[in-house]
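Residues per chain are reported as follows:
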Amino acid sequence: MAPAPGAAPANSTSYLWWDHSTGFSFNLTGTPPVSGDAYLGSVTTDASHVIAVAGATKIHGRLAVNTATPGNFSLLHKLGRVPLGATIYMTSGGQIWFQAATMFDGTNLYLVASDAGLTASIEVW
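This one's a predicted model, so the numbers in the text were calculated from it and none came from an experiment. (Residues numbered from 1 in each chain as written. Predicted model: local features only at pLDDT ≥ 70, side-chain atom pairs only at ≥ 80, totals over all residues. Heavy atoms only, no water.)

Describe the sheet that holds strand E1 (residues 13–19), listing the residues and the values that go with them.
Ordered by their spatial adjacency, four strands build an open sheet running E2-E1-E3-E4, and the pairing between neighbours is antiparallel. Lying at the two open borders of the sheet, with one neighbouring strand each, are strand E2 (23–27) and strand E4 (50–55). Going across the sheet, the axis of each strand differs from the next one's by a mean of 25°, ignoring polarity. Strand direction decides the pairing type here: strand E3 (residues 38–45) and E4, joined by five bridges, are antiparallel. (Pairing = 2+ DSSP bridges. Helix = DSSP H or I, 4+ residues; strand = E, 2+ residues; numbered from the N terminus. Axes fitted to C-alpha atoms, helices over the stretch in contact; angles between N-to-C directions.)

Before we move on, could you go through the sheet that holds strand E8 (residues 96–98) and cite the residues and values that matter?
Strand order in the open sheet made by the three strands is E6-E9-E8, with antiparallel pairing throughout. The open sheet has two free edges, formed respectively by strand E6 (71–76) and E8, since each of these has just one partner strand. Between one strand axis and the next, the sheet turns by 40° as a mean value, whatever way the strands run. As paired elements, E6 and strand E9 (residues 108–113) share six bridges and run antiparallel to each other. Within E9, the residue paired with Ser 74 across the bridge is Tyr 110.

Which residues make up the packing of aromatic side chains, and what values go with them?
All chains considered together, the criterion is met by two aromatic pairs. Positioned above the aromatic ring of Tyr 89, the side-chain terminus of Arg 62 is 4.3 Å from the ring centre. (Phe/Tyr/Trp six-rings, centres within 6.5 Å; stacked < 30°, edge-to-face > 60°. Lys NZ or Arg CZ within 6 Å of the ring centre and 35° of its normal.)

If you had to explain the side chain of Asn 27 to someone new, which residues and values would you point to?
On the secondary structure map, Asn 27 appears in strand E2. A residue is classified by how much of its surface remains accessible, and Asn 27, at 15% relative accessible area, is buried. For Asn 27, the side chain forms a polar contact with the main-chain nitrogen of Thr 29, separated by 3.3 Å. Beyond its immediate stretch of four places on either side in the chain, Asn 27 contacts Thr 13, Ser 14, Tyr 15, Trp 17 and Pro 33. (Buried < 20%, exposed > 50% of the residue type's maximum accessible area, 1.4 Å probe, protein only. Polar contact = N/O pair within 3.5 Å; in protein donor to acceptor, adjacent residues only side chain to side chain. Contact = heavy atoms within 4.5 Å.)

Which residues make up the pattern of salt bridges, and what values do they have?
Inspection of the entire model under this criterion finds one salt bridge. The partner of Arg 62 in a salt bridge is Glu 123, and the shortest N-O contact between them spans 3.9 Å. Linking Arg 62 in strand E5 (residues 61–66) with Glu 123 in strand E10 (residues 119–124), this pair joins segments that are 61 residues apart in sequence. Glu 123 sits in the buried class, given a relative accessible area of 12%. (Salt bridge = Lys/Arg side-chain N within 4 Å of Asp/Glu carboxyl O.)

Before we move on, can you summarise the side chain of His 77 with the specific residues and values?
By the element assignment, His 77 lies in the loop between E6 and strand E7 (86–90). Classification of His 77 by relative accessible area gives buried; the value is 0%. Only 2.8 Å separates the side chain of His 77 from the backbone oxygen of Asp 105, close enough to count as a polar contact.

Please give an account of the nonpolar core that cites residues and values.
Of all hydrophobic cores here, the largest spans 16 residues; its most connected members are Ile 96, Leu 109, Leu 111 and Ile 122. Once residues lying within four places of it in the same chain are set aside, the contact partners of Leu 111 are Gly 71, Asn 72, Phe 73, Leu 75, Ile 88, Ile 96, Trp 97, Phe 98, Gln 99 and Ile 122. (Core = buried A, V, L, I, M, F, W, Y, C linked by side-chain atoms within 4.5 Å.)

For empty space enclosed by the protein, give the residues involved together with the corresponding values.
Under the criterion given, the structure shown has one cavity of 30 Å³ or more. The computed volume of the largest cavity comes to approximately 70 Å³. (1 Å grid on protein atoms, 1.4 Å probe; cavity = no way out; pocket = protein on both sides within 12 Å on 5 of 7 lines; lining within 4 Å. Points joined across faces, edges and corners; volume = space filled by probe spheres on them.)

An account of the environment of Thr 102 is requested, with residue identities and associated values reported.
Mapping Thr 102 onto the fold places it in the loop between E8 and E9. Between the C-alpha atom of Thr 102 and that of Leu 76, which follows or precedes it by 26 residues, the distance is 14 Å.

Set out below in structure tokens:
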């Protein structure tokens, strides 16, 4: 019999975590309840149904980027931990680079775009 995480909260997007000592848990923050917890994905619900499920980015994965405006922006990486590293591969003209103060944290990559409408693929691990 597979372990059950229990019901996700209604009318929200919840993040599913696994901890070896406490098992499955949901939260609304997207931040691990305990440092080192494994992020499994997210569940979006209405009042009584699951309406969307998204799996976590793999330990090593790629994220698609399309900039709406020039300047600073953040991108959810879905690793459930601080990345060990990330590489930006431009797929259009222009430039995207990491913000000087903080490149990434446990939730986001912090980036800067030289222009609107740029595209890139970012490899995270």
